[in-house]
Amino acid sequence: SLIVTYHGSLSKSRGILNLIKAVDLLIEEGFDNIKLLLVGNGKDEDYFKEKVLRLGIDDYVIFTGLIPYNEVPTVISIADLAVIPFPKSEFWEYQSPMKIFEYLAMGIPIIATDLQAHAHISDSITLMPDNSPETISHYIKMFIKLDLISRKKLEKIAIKDSNKYTWENQANILSEYLEKNVI
């Protein structure tokens, strides 16, 4: 089965309900070999659990609740695909979530809303024009249709690109900038 994940704060402001609805659409279309792994907790966790129950897809959605940060990699390592369904808004436009770099380092291909914060990071990130359930389900279907070789290629690109974003590399970039422009 295909395991799709999102990890982080479970908040309505992050587009998670649209991700849940996208999974529902996929199941309705016969893609019933899918699991959504929601890792984390938040003020809207119970709201999402209720929506999942109402949609009748509780066999397809797994809520882990809060887990220790050092265990997150182990939990999300079973995922085939990560989705970052943030809405297009000024608030999210320039906030680069750490989860992108965590997914990349683990070789997990990503589907994310087309925001400045998500652009130009890695060729393993597929950008969606919006975060509607229909758009998210469409892009997940595109991933499902990829052959194994293409999926493995995305995994390798993710890992390779993650090396550009180590703390050491980022410190070097900042240091070079400061030497050139400030010092």
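Residues numbered from 1 in each chain as written. Predicted model: local features only at pLDDT ≥ 70, side-chain atom pairs only at ≥ 80, totals over all residues. Heavy atoms only, no water.

Colleague: Just checking my understanding: could you explain helix 6 (residues 133-144) for this structure?
Modeller: Three- or four-residue spacings in an α-helix give side chains the same orientation, since the helix completes a turn every 3.6 residues. For helix 6, with twelve residues, the first-to-last C-alpha span of 16 Å sits near the 16 Å given by 1.5 Å per residue. Listing the buried residues of helix 6 in full gives P133, T135, I136, S137, Y139, I140, K141 and F143. (Helix = DSSP H or I, 4+ residues; strand = E, 2+ residues; numbered from the N terminus. Expected span 1.5 Å × (residues − 1). Buried < 20%, exposed > 50% of the residue type's maximum accessible area, 1.4 Å probe, protein only.)

Colleague: Looking at this structure, how should I read the pairing of strand 4 (residues 81-84)?
Modeller: Within a regular strand, the side chains alternate between the two sheet faces. Residues of strand 4 alternate between two faces, with L81 and V83 on one and A82 and I84 on the opposite face, all of them buried. The sheet contact formed by strand 4 and strand 5 (residues 110-113) spans three bridges and is parallel. Among the inter-strand pairings, A82 is bridged to a residue of strand 5, identified as I110. (Pairing = 2+ DSSP bridges.)

Colleague: I keep staring at the sheet that holds strand 6 (residues 125-128) and nothing clicks. Help me out?
Modeller: The strands making up a sheet associate through hydrogen bonds between their backbones, and the pairing can be parallel or antiparallel. The strand order 3-2-1-4-5-6 describes an open sheet built from six strands, whose pairing is parallel. The sheet terminates laterally at strand 3 (61-65) and strand 6, the two strands that pair on one side only. Going from strand to strand, the sheet's axes swing by 25 degrees on average, the running direction of each strand aside. (Axes fitted to C-alpha atoms, helices over the stretch in contact; angles between N-to-C directions.)

Colleague: It is not clear to me how the environment of N131 should be interpreted in this structure. Could you clarify?
Modeller: As for its position among the elements, N131 is in the loop between strand 6 and helix 6. Look at N131 and you get buried, because its relative accessible area is 13%. Considering only alpha carbons, one finds N131 and K88, 43 residues apart in sequence, at a separation of 7.6 Å. Leave out the neighbours within four places in its chain, and N131 touches G15, N18, P85, F86, P87, T113 and I136. From its side chain, N131 meets the backbone oxygen of P85 in a polar contact 2.8 Å long. (Contact = heavy atoms within 4.5 Å. Polar contact = N/O pair within 3.5 Å; in protein donor to acceptor, adjacent residues only side chain to side chain.)

Colleague: Can you help me understand the pairing of strand 1 (residues 2-7) in this one?
Modeller: Taking burial as the measure, the six residues of strand 1 include six buried ones, the bulk of the element. Of the two faces of strand 1, both are covered, the one formed by L2, V4 and Y6 as well as the one formed by I3, T5 and H7. Of the pairings in the sheet, the one linking strand 1 to strand 2 (residues 34-39) comprises six bridges and is parallel in character. The residue bridging I3 from the neighbouring strand is K35, located in strand 2. Note on the crossover from strand 1 through helix 1 (residues 16-28) to strand 2: the handedness is right-handed. Note: strand 1 against strand 4, two bridges, orientation parallel. Note that in strand 4 the partner of V4 across the bridge is L81. (Right-handed = clockwise from strand over helix to strand, strands pointing away.)

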